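Tertiary structure, described
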Amino acid sequence: MPSSPLRGTIRVPGDKSISHRALMLGALAVGETRASGLLEGEDVLATAAAMRACGARIEKQGDTWSIHGVGVGALLQPEGALDMGNSGTSTRLLMGLFASHAITAVLTGDASLTKRPMGRVIEPLSQMGASFTASPGGRLPLTVEGLCPAVPIEYRLPVASAQVKSALLLAGLNTPGITTVIEPVPTRDHSERMLRGFGAQIDVEEIGGERIIRLHGEAELSPRAIEVPGDPSSAAFFLVAASLVEGSDLTIENVGLNPTRAGLVGVLRQMGADITEENPRTVGGEPVADLRVRHAPLSGIDVDPALAPSMIDEFPILFVAAALAEGTTRTSGLEELRVKESDRLSAMAAALAAAGARVEESANGLVVAGTAGEPLAGTEPAAAVATHLDHRIAMSMAVAGLASRAGVEVDDTRPIATSFPAFTDLLARATGTADAR
Ligand SMILES: O=C(O)C1=C[C@@H](OP(=O)(O)O)[C@@H](O)[C@H](O)C1
Ligand SMILES: C=C(OP(=O)(O)O)C(=O)O
């Protein structure tokens, strides 16, 4: 039966993208960086383990993480293979970091990560002088042999990817001269903000919608205190859940609202969602607010493909919102979703169809015909949804289950711990079912 309303005030854990970057830049600054609000999900812990293997001292002290860095250029040769688990961000950013250091590293990962394309970073990092031996198709496991000094390049991103951009900027830190990345379409800019915060010289010029990012190499980074804001990609599940379930009135505190990340909030509002921003402020160099979301009927829309980079990880949960909206939601320009932890277009099309939604999959998007608020009517008992080692599919379908007659059964909830270990508990708390479990 459909869920009880989501009410009260919650906090989601720290931003995953910012947490990875805090550990990496902290490990490159000489002295102690202290980070609070760091996400303690498996992906971020994989980054922490890799930085420790390269000589950084990283430990948790109470609620704060202490990172003693080794300095740009001074990463140590890691012993043994580095297991990146499920984390594309750890893998691609570290490939960049290693590319300009005099070290050789072996990177591996789980059954999802070893299917994901690494050619997009291998190609430009090879231009900088690094050597790679990858598995067929440019995949993990792979070996990266850095070159020091590396060669600075100017590179125009062929795909809108913050991971590729960040890999190049991190490689540029230990490279003489200026490394230039041209972004035809802006992507999340946490790396640029944090590099500046650590004292790197980085200039960003905007010309005709393109961003030209220039990083001055052989940088010296100064340690600093970092407060990691709440992850908008985690808040997304609660924004949609509270929008869908009648009677909901939920406040999510301390949510990062960097414009390069906050696309979903605007799209949900366009669909009719009732989301207000309270107490806007800056946390750790990033815009943050408390979001109050109340149930509201949603209408289907055509989602502007230009918004895709600003909500790239939020499409699985947007598809759930669309499945319960009145009318049709059309999305396009989403081919990148096919190379995430799973093929998120086909995984969500299959999962929503199994839950009773009407979905059509195209080459680069989904078209979802909504129920106008009527709970999804899948088969009983609920068919188990295949999550393909993808945390966002698991959490999105858990939310779909709140608005479903038969409920939704997720085949594997373990991947949720990669980005949001407290998800199930928080959802139970918000719906008032915590004690009944
Ligand atoms: O830079 C980052 O922290 C991320 C960039 C995005 O990936 P792409 O760069 O592949 O788009 C996003 O999907 C991922 O969850 C985190
Ligand atoms: C795509 C994601 O992460 P990553 O690329 O780091 O695995 C995600 O968290 O949705």
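Residues numbered from 1 in each chain as written. Chains lettered and ligands numbered in written order. Predicted model: local features only at pLDDT ≥ 70, side-chain atom pairs only at ≥ 80, totals over all residues. Heavy atoms only, no water.

Concerning the overall build of the protein chain
Keep this limit in mind: Comment: elements are numbered from the N terminus, with helices defined as DSSP H or I runs of at least four residues and strands as E runs of at least two. The atom set for the radius of gyration is the C-alpha atoms, and the globule formula is 2.2 Å times the number of residues raised to the power 0.38. Every residue pair with non-hydrogen atoms within 4.5 Å of one another is taken to be in contact. Note on areas: these come from Shrake-Rupley sampling with a 1.4 Å probe, and a residue is covered only by the protein chains present in the view. Counted charges follow a simple rule, with Lys and Arg positive, Asp and Glu negative, and His plus the chain ends left uncounted. In this description, the location of a charge corresponds to atom NZ of lysine, CZ of arginine, CG of aspartate or CD of glutamate.
What the protein chain contains, in helices and strands, is 12 helices and 21 strands. Against the compact-globule benchmark of 22 Å for 437 residues, the protein chain has a radius of gyration of 21 Å, which places it among compact chains. Within the protein chain, contacts between residues at least 6 apart in sequence are counted, and of these 76% link residues at least 24 apart. A total accessible area of about 15,700 Å² is found for the protein chain, and carbon and sulfur atoms account for 50% of it. Across the protein chain, the mean location of the 36 positive side-chain charges is 1 Å away from that of the 51 negative side-chain charges.

Examining the site of ligand 1
We count it as follows: Whether a residue is near a molecule or strand is decided by its heavy atoms; if any one of them lies within 4 Å of it, the residue is near. Under the rule applied, a polar contact is a pair of N or O atoms within 3.5 Å (in protein, one hydrogen donor and one hydrogen acceptor; residues adjacent in sequence only if both atoms are side-chain atoms). Only Asp, Glu, Lys and Arg are considered charged in this grouping, and only Ala, Val, Leu, Ile, Met, Phe, Trp, Tyr, Cys and Pro are considered nonpolar; every other residue, Gly among them, is considered polar. Residue ranges assigned to each domain were obtained from an automatic or database domain assignment.
Looking at ligand 1, there are 13 residues lining it, with Ser-17, Arg-21, Ser-161, Asp-313 and Lys-340 nearest. For ligand 1, an oxygen atom lies 3.0 Å from a polar atom in the backbone of Ala-162. Contacts to ligand 1 include Lys-340, whose side-chain N or O atom sits 2.8 Å from an oxygen atom. Contributing elements (two or more residues each) for the shell around ligand 1: helix 1 (16-28), helix 3 (88-99) and helix 5 (162-173). Across the shell around ligand 1, the residue classes tally to 3 nonpolar, 4 polar and 6 charged. Taken domain by domain, the shell around ligand 1 gets at least three of its residues from each of domain 1 (16-214) and domain 2 (230-430).

Some words on the domain arrangement of the protein chain
Convention followed: When a carboxyl oxygen of Asp or Glu is within 4 Å of a side-chain nitrogen of Lys or Arg, the pair counts as a salt bridge.
Segmentation of the protein chain into domains returns domain 1 (16-214) and domain 2 (230-430). On a C-alpha basis, the centroid separation for the pair domain 1 and domain 2 is 28 Å. Each partner contributes residues to the interface: domain 1 has 24 residues there, and domain 2 has 22 residues. Joining domain 1 to domain 2, the criterion identifies 3 salt bridges. Our count for the domain 1 to domain 2 interface comes out at 13 residue pairs in polar contact (both at pLDDT 80 or more). With 3 residues, the top contributor of residues to the side of domain 1 that touches domain 2 is helix 1. Split by residue class, the side of domain 1 that touches domain 2 holds 8 nonpolar, 6 polar and 10 charged.

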